[in-house]
Amino acid sequence: MPVNIIVCVKQILDPEIPSRDFRVDAEQREAVRGAANLVTNIFCENALETALQLKEKSGGKITVISYGADSTEDALRKALAMKADAAIHILNDGQAHPDPLSVAQVLAAAIRKLGEFDVVMLGRESGDWGVGQTAGLLAEELGVAAVAFVDKVEIGADGLQLKRQTDVGYERVAATMPLVISITNDEHNVPRIPKTRDVMMSFRQPLTKWTLEDLGVNAAEVRAGNHYYAVVDLFIPVQELNCEFVDGDTLEARVEKFAQRIIEVTGSM
Amino acid sequence: MMNPELATREVFWNIPHSLVWVMYLMFVASMAVAAYGIYRRVQIWRRGLSAKRFDRPLERLKLLLKHSAAQQRTVREKYAAIFHTFIYTGFIVLALATTVVAIEYDLGLPVMQGRFYLYFQSFIVDVFGVLVLIGVGIALYRRAIVKPRKLVYTDEATLILTAIFLMALTGFLVEGWRIGATDEVWGKWSPFGYLLAQASAAMLSRNAMRAAHFGAWWTHAVLVFGFIAWSPFTKMAHVVFAPLNIYTASLRPTGAALKNLDIEKAMESGAPLGVKSLAQFTWKDLADFDACTECGRCTGVCPAHTVGKELSPRDIILDLQKFMHANPRAAFGLPNGNSSNGNSANGGDQAASRKPQAASEALPIIGALAATSPAALWQCTTCGACMEACPVFIEQMPKIVDMRRFLVMEEADFPDTMADAVTSMETRGHPFKGTQSTRVDWTEGLQVQTMAEAKDAEVLFWVGCGGALIERNQKTVRATAQLLHKAGVKFAILGREEKCTGDPARRIGNEFLFEMLAKENTEKLNHYGVKKIITSCPHCFNTFRNEYPQYGGEYEVFHHSEYLAKLVDEGRLAPLEKNDKKITFHDPCYLGRHNGVFDAPRQLVQIAARNAPIEMAQSRENGFCCGGGGGMSFIDEPKDQRVNQERARQILATGADIVAVGCPFCTTMLEDGINARKGDRDVRVMDVAELLWQAVQDSTTNGANKN
């Protein structure tokens, strides 16, 4: 059964830069790019990998969508190199860091413009802000069900068989399509390395570019953002290292005191 | 006493005139078969891609004299030095003797006369015939008794030795029985033939010797002509192909051995990137397969093979040779001719309908043969020891990289841990994912300017990712910078603008990534007008020196050891205090073997210590890899098959307190290797720059104390 899959990806600052190199602009409440590169958010790549594996088994089509600045084209080209079938770039022309709801609204508009779909896959959260709301909000916008923290997707009798991680283990979910799922990482969805030939070919493939106006959303409202979400402060936590020795006459007394201190210290955190 | 000026012998003595034509017929037939054997191989080579290997004839001739005539590489090995020289020189002398006979008899020029007949045609030929017998004896002894692991034990090899032995033996019988039957007055000039004649005379009558001579003569003739006809179909073909292979060898350092690949062109034509089948090899690669003498030296020196891994350069060459001859057409995607082809898995019909030159349909080689399994290909450190060891100049290592190119670029099939390094080079411009260092951390507290800041830098210090981003190596590049400062060298670094030269990418097989990095780096260097580069990484050094010129990057490149040695020579650095520790030096492959820089780092050891470095058994050209080249730093080796631990063992065996190095990869690989053998003894790993800095610093502080 061919599945029509949409994968939403986000381009972020390389989270692997040395922490010494990481700076924030407290005024703008933004990370300073500095010498860092832009990369595709790892969970988004897990989602794309999951989609590619699903398509390899069931057939179908993968369309990758991203809402971002000009540089986002690189992330989409990479998705094409990994063998996504089509890529759509919705240009973000000035919303500094859009809130999850406005992103969900933009993506939903793009998905509606595309027409039919069976499943939308997103990373469980982004490696920069880590809010983790987009998948749920997108499902809400599209009026379909959402399943979060999925690490395995298989074709079931009449829909998808999903395995999702929970705090205490995992759940198996049978879901009917269409639906939205957020993907978390797992040993089975480590993103593939594209073939060089495909990387080169990806630059010759068509890439659809839409503006907010093309989507028929109220561009001004989107650019203004939603008020439920605001970054109040942004700072790099100061690391403190305190070394403390516990004393006592006997080993038992020292262990007792050691345990006591652990309770006190962790309790105050 | 007879007049020696009149000495000669009758050609075709004891052979009736009516039968002489039979010998000529055999001669022509054997030459025809031999010629066909050579032609057949050359025809197959022509199916390969082009390669320019006939330029600069004078240099090639020099190479031919050194390595084909004088066999400088062959004699590096104890046994071969003796037995191969005996057989080889014996063959030449005996062939000359036969030529003399031909000139005398067929051309009717009286040359086989007088003293020349006695000294050369009798005495020297006799002696060299014995040398052949001794040589074959040693070779047989080695095969039967010594049995070195690197040899290939085939019936063919035994048969060749046996045939040579029998040819030489029957030659002596012919000579001896002729001398015996004719009471040849000059017989003593052929001492061994004479001995044989004496021994035979004790048992045989003259007539019996005459009859035996007749039989031996024809046996000798059949053996010799049979051998000539058979040779081109065996490894004896090296008699022809080894000189050819040496003449057409690469004239560049082995560091420049990797081929250029026109990726754009391959994309357009649909040809595979890298080598998928024999059709993507050059004619020279194919000629390499045929030149192999199965001596096994490449595999014997291969570090991966030494620690028990699967990789065997010898078997790659031999398996591909067999495959090429088993599928002379299908291996190149050519429709099969009349010859039946049992090996064609695709079936004859399909093969016949193929278009000629449809290279992509040629039989794939990776994984199809035991020696070319991806696992084996991913064990090569590209150290080049195989190429250095090969007496006939086969280029094993570049072929491995050619096949890796296909795996990486067409199949995206490479070891998981390598994927991180490749992705990191792509996105971050360095292979060390997760490093917590920046490119300028090591400069803390030093006044090091970047090219963007410096106005009058004479030389660029290219730090390298391994130097800047691995904490251990920051000490080395710091020492280098401090030494340069002290000597008053006006230098600058690129700092955050520096990116990997692409060496690991290229050796892993990602030519596309290498090309991107090469273009970006050369553009940047040319933008700053860089003329001179010092680098403390031999891999960067090799890339600048041998690979960037084709991207428009022409620089004068120094390894830091060369530049520092120069500064000491010029008196700009004055180390006084000497280290009295015992020091050995480990040659980085990309500095030493691949680029011939052996002395500068040793000079620094000598300067910094009281003594010249202790030489390891495998050093200089024969240095043993640390295990970190060719992208292998980014692979998890099996615990019991680690190249660095083997090198650590060799280092510990020298009894040295310090092993001096000149490469950031060697530094970390050897430290790990020595740590793993910590139980044995502790040895410090120190870069030559660190040693020199210590000596220079000591001199200053001690000087200050004395004041």
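Residue numbering note: each chain is counted from 1, following its sequence as written. By the order in which they are written, chains take letters starting at A while ligands take numbers starting at 1. pLDDT decides what is reported in this predicted model: residues at 70 or higher carry local features, side-chain atom pairs at 80 or more are listed and counted, and totals for whole chains, interfaces and linings draw on all residues regardless. Computation of side-chain values: all heavy atoms of the structure, hydrogens and water removed.

Quick look at the nonpolar core
Soluble, globular proteins show a tendency: their nonpolar side chains are buried together.
Residues and elements named next belong to chain B.
Right, so step 1: Core analysis: the largest hydrophobic core is formed by 164 residues, its most contacted members being Leu278 and Trp442.
Right, so step 2: Where helices and strands are cited, they refer to DSSP runs of H or I of at least four residues and of E of at least two residues respectively, numbered from the N terminus. In terms of residue count, the dominant contributor to this core is helix H17 (residues 396-411) (8 residues).
Right, so step 3: Contacts: residue pairs with any heavy atoms within 4.5 Å of one another. Setting aside residues no more than four positions away along its own chain, Trp442 makes contact with Val448, Phe461, Val463, Ala468, Gln474, Val477, Arg478, Ala481 and Ile493. Remark: nonpolar core denotes a set of buried residues (Ala, Val, Leu, Ile, Met, Phe, Trp, Tyr, Cys) joined through side-chain atoms within 4.5 Å. Burial classification: accessible surface area is computed with a 1.4 Å probe over protein chains only, and a residue below 20% of its type maximum counts as buried, one above 50% as exposed, and the rest as partly exposed.

Some remarks on the interface of chain B and chain A
Right, so step 1: Taken together, the 29 residues of chain B in the interface contact 19 residues of chain A.
Right, so step 2: Two parts lose some accessible area (1.4 Å probe) when they are put together, and adding that loss for both gives the buried area. Summing the contributions of chain B and of chain A, the shared interface buries around 2,000 Å²; its carbon and sulfur component is 51%.
Right, so step 3: For this analysis, a salt bridge means a side-chain nitrogen from Lys or Arg found within 4 Å of a carboxyl oxygen belonging to Asp or Glu. For the interface between chain B and chain A, the tally reads 7 salt bridges.
Right, so step 4: With a shortest N-O distance of 2.7 Å, B:Glu410 and A:Arg197 are connected by a salt bridge.
Right, so step 5: Within 3.5 Å is the distance limit for a polar contact, defined as a pair of N or O atoms, with the added protein rule that one can donate a hydrogen and the other accept it, and that residues adjacent in sequence qualify only through two side-chain atoms. Put simply, chain B and chain A have 13 residue pairs in polar contact (both at pLDDT 80 or more) between them.
Right, so step 6: Ranked by residues supplied to the side of chain B that touches chain A, first place goes to helix H9 (residues 263-269) of chain B with 5 residues.

Looking at the domain arrangement of chain A
Right, so step 1: Residue ranges labeled as domains rest on an automatic or database domain assignment. For chain A, the domain assignment lists domain 1 (3-224) and domain 2 (239-269).
Right, so step 2: Centre-to-centre separation of domain 1 of chain A and domain 2 of chain A, based on C-alpha positions: 45 Å.

Some words on the sheet that holds strand E3 (residues 532-535) of chain B
In a beta sheet, neighbouring strands pair by backbone hydrogen bonds and run either parallel or antiparallel.
Residue and element names in this part refer to chain B.
Right, so step 1: Spatial strand order, E2-E1-E3-E4: 4 strands in an open sheet with parallel pairing. With one partner strand each, in any of the chains shown, strand E2 (491-492) and strand E4 (556-559) form the two edges of the open sheet.
Right, so step 2: Should DSSP find at least two bridges between two strands, the strands are regarded as paired. With 3 bridges connecting them, strand E1 (residues 459-462) and E3 associate as parallel partners. Looking at the pairing, Trp462 lines up with Thr535 of E3.

Side note on unusual backbone geometry
All names here are of chain A.
Right, so step 1: Going from Met177 to Pro178, the amide bond is cis rather than trans, its omega being 0°.
Right, so step 2: With respect to the secondary-structure elements, Pro178 resides in the loop between strand E11 (169-175) and strand E12 (179-183).
Right, so step 3: With phi around 55°, Arg29 is a residue other than glycine that occupies positive phi space.
Right, so step 4: Residue class for Arg29 comes out partly exposed when judged on its relative accessible area of 32%.
Right, so step 5: Although it is not a glycine, Phe149 sits at a positive phi angle of roughly 60°.
Right, so step 6: Mapping Phe149 onto the fold places it in strand E9 (residues 145-156).

So, the confidence of the model for chain B
Residues and elements named next belong to chain B.
Right, so step 1: With 95% of its residues at a pLDDT of 70 or more, chain B shows a mean pLDDT of 92.
Right, so step 2: pLDDT: the predictor's confidence for each residue, scored from 0 to 100. Residue range residues 339-360 is modelled with pLDDT below 50. Its contacts to residues more than four positions away, or to other chains, number 28 contacts.
Right, so step 3: Low pLDDT (under 50) marks residues 699-707, which in the prediction has 7 contacts with non-local residues, meaning those over four places away or in another chain.

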